[in-house]
Amino acid sequence: MHGYPPVDFKAELNEAQYAAVTSPRGPALVLAGAGSGKTRTLTYRVAWLLHQGTKPWDILLLTFTNKSAKEMLERVEDLTGVPRGQFWGGTFHSIAQRILRRNATAAERSPDFTILDQKESEQLFSGIIKEIDGAFIKDKTNPKAPVILDAYSHARNTLRPVVDVMNERLDWMKGGPEKLLKFCEAYEAAKKSRNVCDFDDLLVLWLQVLEKDPVALAHYRQRFQHLLVDEFQDTNRLQSKIIDLLASEHQIMAVGDDAQCIYTWRGADWENIVTFPQRHPGTQIHTIDINYRSTPEILSFANEILAHRPSVDGFERKLKAVRGSGMQPTLFTVGDTSQQAKLIGRKINQLHQEGHALADIHILYRAHYQSIELQMELNALGIPFVITSGHKFFDLIHVKDILAHLRFIHNPNDSVALSRVLCLLPKIGPIGADKIIRAAQEVDATQRRGLVRALRDPAVLKKVTDVAKDDFNDLTITLEDMLEGIENAKQVPTPVNPSTDLFTHAREKQDEKISRTPAETVRVCIEGWYGTHMKTLFPDWKDREQDLTGLIGFASKFSDLGDLIAQVVLMNGETSNKDPEPEEDMLKLTTIHQSKGLEFPIVFVLGVADGLLPLTRAIEEGDVEEERRLFYVACTRAENLLYLFAPRFTTSGEGYRPLDPCRFIEEMSPDCYDLADYAHRRL
Ligand code: ATP
Ligand code: MG
């Protein structure tokens, strides 16, 4: 009838999966724990529907990443021979884009609209602010375009009134955030007149098409006979409304796990999954509690994490193992984060020697900065690694910005570094920066007080555009402050034997100048102009601030600024210039967020301590349950081996900071893991 090769659905699926895959028409919710085959169920559902006579183009598959849609449809292609190009599958944004091209009029665009990337949206928005209220931009206590846009975006994705979100997020603004609304309105008009869409428009306008154009709505309801949605727990209100509209007459199968909702900070709303049956009357709920991914030991551990949720608002469940027994997860307590890096390096070498491929080992962490010491250790040991969640630490923009400050202070002739710093100022590009540098060089030629001080000369200030003058002033104060601390440190000679140098104490007293270590210099830099600049510029400044605190920790290992800078350059040279050979066996490092939906034979989770996981910020903001879900996601990635590392101190920031034991582990039964105490061992 359909001509597809036979698939033995019964043999390839368990009973609950089979029931879901073959379920009759009507809304269905597959609610199941990690690794229980949700993604597999959706994949087989596509194959099943084809076998039932459904055409590929009648199916809409929505996934969290385009890569995951591609993988699922490749599997379908293996099973049925239907090329994946015949399906509509991908992220909400990629599908929205296809639909809007066909319905541009209802979206108040023409079909050839272009999509603005984040940077372009921000540029457009700041242009608008400038046009409407030039004084707003000049007042540097006001939030800049990216920060306003981020709040605006949150409001749009959560379908909340913009004014409420602005009041919540930007309540610190002078005169209240109401005036931001007119910027947003003008931004909407500007996008329309330019025939462009920003990222959020793709979803907002998709919804608009469905709501405003009854013909289009009827068409897509008819067209997508089957809607399949993976990772449903991480959909936001806007996405869930689109789905509800499309699915009101047809079959929808949503799969998810409320215990894995880890994107609420981006507007994901796990209530979407909890209230699904109310929104879709007649919903069949399928639960799968068998886990095929992990050993029973790893699963008991994961179950224990969830067992201590204060109240189970979601659906309660426990994962059952089918795999044979393996090793208990091991919790390694270590003295501090640098010892943690050493121990991880050693364990990796050990596993490698035992015959495990490096590629089978994945190192997970809560935040990027937590991996710096490990990256150094891996370099030192010559263990090849890739970071699959974005950039290597020293390639991060904000880290490079701070390094540029340091490079310039250390070597004032490094005009590349100075130019990078100057280009951070408003309205200053490479040419403007060059003019400033040349003016400073001229001043220095006569004054001979060094380039850093020359920057503070009125003759140089004249070369700075008006909008940037205040920032320039603050920047040069910071640079001078940094320089003085270093100069003074160089001037105070360290006595060879302090106990015999009777004059040392007197000399120190006399010399009241501040002398600073490299770590302190980094702190001055972060707390100076750049820190303030960062807050108004980046919506995620808190994350970046955390990274930079990590940088202070890194710097605290050095007593000489030159050594610190050299080490960073060397590390970058060793790691990022060399593009990995695709077939090279390499260790993988990634954030927990990025590991969602994936599985790895061996998982190391580092920084299992209060302050790192859960993050201090989450503890302060009372958001610990999302951190628990993250911990659960991390541990349920592991197939065979799970190693956790719990440092007692962190060297992030200046000096040592004690860490409390991870509250999630404290609650858990000690029977579900082995404890290996390395805190008192030398490594
Ligand atoms: P996550 O919650 O992490 O997204 P998931 O529920 O989507 O996980 P899958 O990734 O679909 O789970 O499946 C986990 C692993 O178990 C995969 O390797 C999958 O092939 C395997 N698996 C699932 N169901 C079966 C089954 N019935 N027989 C054999 N293997 C299975
Ligand atoms: Mg999955």
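The following refers to the structure shown. Just so we're clear, the structure is a prediction, and the values are computed from it rather than from any experiment. (Residues numbered from 1 in each chain as written. Chains lettered and ligands numbered in written order. Predicted model: local features only at pLDDT ≥ 70, side-chain atom pairs only at ≥ 80, totals over all residues. Heavy atoms only, no water.)

A short note on the packing of aromatic side chains
Each pair of aromatic rings is reported with the distance of its centres and the angle of its planes.
Here is step 1 of the chain: Enumeration according to the criterion identifies 21 aromatic pairs in this entry.
Here is step 2 of the chain: Geometrically, the ring pair formed by Tyr263 and Trp265 is stacked, given 5.7 Å between the ring centres and 25° between the ring planes.
Here is step 3 of the chain: Under the relative-accessibility criterion, Tyr263 is labelled buried at 6%.
Here is step 4 of the chain: Joined through ring pairs, the aromatic side chains of Phe332, Phe604, Tyr643, Phe645 and Tyr678 make up one cluster.
Here is step 5 of the chain: Across from the ring centre of Trp88, 4.1 Å away, lies the NZ or CZ of Arg98, which sits over that ring. (Phe/Tyr/Trp six-rings, centres within 6.5 Å; stacked < 30°, edge-to-face > 60°. Buried < 20%, exposed > 50% of the residue type's maximum accessible area, 1.4 Å probe, protein only. Lys NZ or Arg CZ within 6 Å of the ring centre and 35° of its normal.)

Quick look at helix H5 (residues 92-102)
Here is step 1 of the chain: Taken residue by residue, H5 has Phe92, His93, Ile95, Ala96, Ile99 and Leu100 as its buried positions. The arc enclosing the buried residues of H5, seen along the axis, measures out at 160°, which places them on a common side.
Here is step 2 of the chain: Those residues of H5 hidden inside the fold are in contact with strand E2 (59-62), strand E3 (88-90), helix H11 (199-212), helix H12 (214-223), strand E6 (226-229) and helix H13 (237-246). (Helix = DSSP H or I, 4+ residues; strand = E, 2+ residues; numbered from the N terminus. Arc of directions from axis to C-beta. Contact = heavy atoms within 4.5 Å.)

Looking at unusual backbone geometry
Here is step 1 of the chain: Note that the residue after Leu613, namely Pro614, is joined by a cis bond; omega there is 0°.
Here is step 2 of the chain: You will see that Glu231, though not glycine, has its phi angle at about 50°, which is positive.
Here is step 3 of the chain: The topology assignment puts Glu231 in the loop between E6 and H13.
Here is step 4 of the chain: The buried category is assigned to Glu231, whose relative accessible area is 13%.
Here is step 5 of the chain: For Lys427, which is not glycine, the phi torsion reads 60° and is therefore positive.

Remarks on the site of ligand 1
Here is step 1 of the chain: Near ligand 1, the surroundings consist of 18 residues, among which Lys38, Thr39, Gln260, Glu599 and Arg637 are the closest.
Here is step 2 of the chain: In this structure, Ser36 approaches ligand 1 through a main-chain N or O atom, which is 3.1 Å from an oxygen atom.
Here is step 3 of the chain: For ligand 1, an oxygen atom lies 2.8 Å from a polar atom in the side chain of Thr39.
Here is step 4 of the chain: At three residues, helix H3 (residues 38-51) tops the list of elements feeding residues into the shell around ligand 1.
Here is step 5 of the chain: Across the shell around ligand 1, the residue classes break down as three nonpolar, nine polar and six charged.
Here is step 6 of the chain: Per-domain counts for the shell around ligand 1 show at least three residues from each of domain 1 (9-103 + 202-286) and domain 3 (327-384 + 580-677). (Near = heavy atom within 4 Å. Polar contact = N/O pair within 3.5 Å; in protein donor to acceptor, adjacent residues only side chain to side chain. Nonpolar A, V, L, I, M, F, W, Y, C, P; charged D, E, K, R; others polar. Domains from an automatic or database assignment.)

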